[in-house]
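# Observations on the model geometry
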Amino acid sequence: MSELTSYERIYAVVRRIPRGRVATYGQVATLAGLEGHARQAGYALHALPATTAVPWHRVINAQGAISARAPGGDGLHQRLLLEAEGIEFDARGRIRLARYQWRPRGQ
DNA sequence: TTTATGGCTGTCA
DNA sequence: ATGACAGCCATAA
């Protein structure tokens, strides 16, 4: 019923994530109309080109941690991007979701 | 067309 | 608190 692909819906949601905030894959999937398909949200982000304007780094897993998508430490790059936006990580490299998780509609 | 897989999530130990 | 298992279904081959 849409001319947009699932990926594009996901990108549209991710683009709405304010700076200094994060959202989980499941949350993005739900907002994109794909409730319960957290993985698809992850795949969509995985498919993003390096030149994208989508703030994919603001999307993390339900544990408030960064999913290691590549060996070696690419996750570190994502972490730096988040820290640059003012998001703090605890000693285990996890984000305080209670404080930084994006809350659409309720501000 | 079918088959395999997966940037996850939730539950149980 | 962490670790392991199974499941949901779209995308890619």
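Now for a description of the structure that goes with this document.

## So, the overall build of chain A
Assigned secondary structure in chain A consists of five helices and two strands. Put simply, chain A runs from its N terminus to its C terminus through helices and strands in the order α-β-α-α-β-α-α. Taken across its 107 residues, chain A has 37% of its residues classed as buried. With an accessible surface of roughly 6800 Å², chain A has 51% of that area assigned to carbon and sulfur atoms.

## A look at the nonpolar core
Counting 18 residues, the largest nonpolar core has I10, V14, I17, V28, A41, L45 and V59 as the members making the most contacts within it. Elements with a contribution of two residues or more to this core: α1 (6-16), α2 (25-31) and α3 (38-46). Discounting chain neighbours no more than four positions away, the residues touching V28 are I10, V13, V14, I17, A23, A41 and V59. Core analysis: the second largest hydrophobic core is formed by nine residues, V22, I66, I95 and Y100 among them.

## A word on the protein's contact with DNA strand C
In the vicinity of DNA strand C, the residues found are S6, Y7, H37, R39, Q40, R92 and R94. A breakdown of the atoms of DNA strand C within 4 Å of the protein gives sugar and phosphate a share of 54%. Taking Q40, its side chain carries an N or O atom lying 3.2 Å from a sugar or linking oxygen of DNA strand C. Mapped by element, the contributors of at least two residues to the surface near DNA strand C are α1 and α3.

## Considerations on the pattern of salt bridges
For the structure shown, the criterion picks out three salt bridges. Ionic pairing is found between E83 and R79, a salt bridge with its closest N-O pair at 3.3 Å. Of this pair, E83 and R79 are both found in helix α4 (residues 74-84), four residues apart, which corresponds to roughly one turn of the helix. Residue R79 is classed as partly exposed on the basis of its relative accessible area of 28%.

## Considerations on the environment of I95
With respect to the secondary-structure elements, I95 resides in the loop between α4 and α5 (97-100). The exposure class of I95 is buried, given its relative accessible area of 6%. For the pair I95 and Q63, spaced 32 residues apart in sequence, the C-alpha separation works out to 8.2 Å.

Cut-offs used in this document
- Residues numbered from 1 in each chain as written.
- Chains lettered and ligands numbered in written order.
- Predicted model: local features only at pLDDT ≥ 70, side-chain atom pairs only at ≥ 80, totals over all residues.
- Heavy atoms only, no water.
- Helix = DSSP H or I, 4+ residues; strand = E, 2+ residues; numbered from the N terminus.
- Buried < 20%, exposed > 50% of the residue type's maximum accessible area, 1.4 Å probe, protein only.
- Areas by Shrake-Rupley, 256 points an atom, 1.4 Å probe, with all protein chains shown as cover.
- Core = buried A, V, L, I, M, F, W, Y, C linked by side-chain atoms within 4.5 Å.
- Contact = heavy atoms within 4.5 Å.
- Near = heavy atom within 4 Å.
- Polar contact = N/O pair within 3.5 Å; in protein donor to acceptor, adjacent residues only side chain to side chain.
- Salt bridge = Lys/Arg side-chain N within 4 Å of Asp/Glu carboxyl O.

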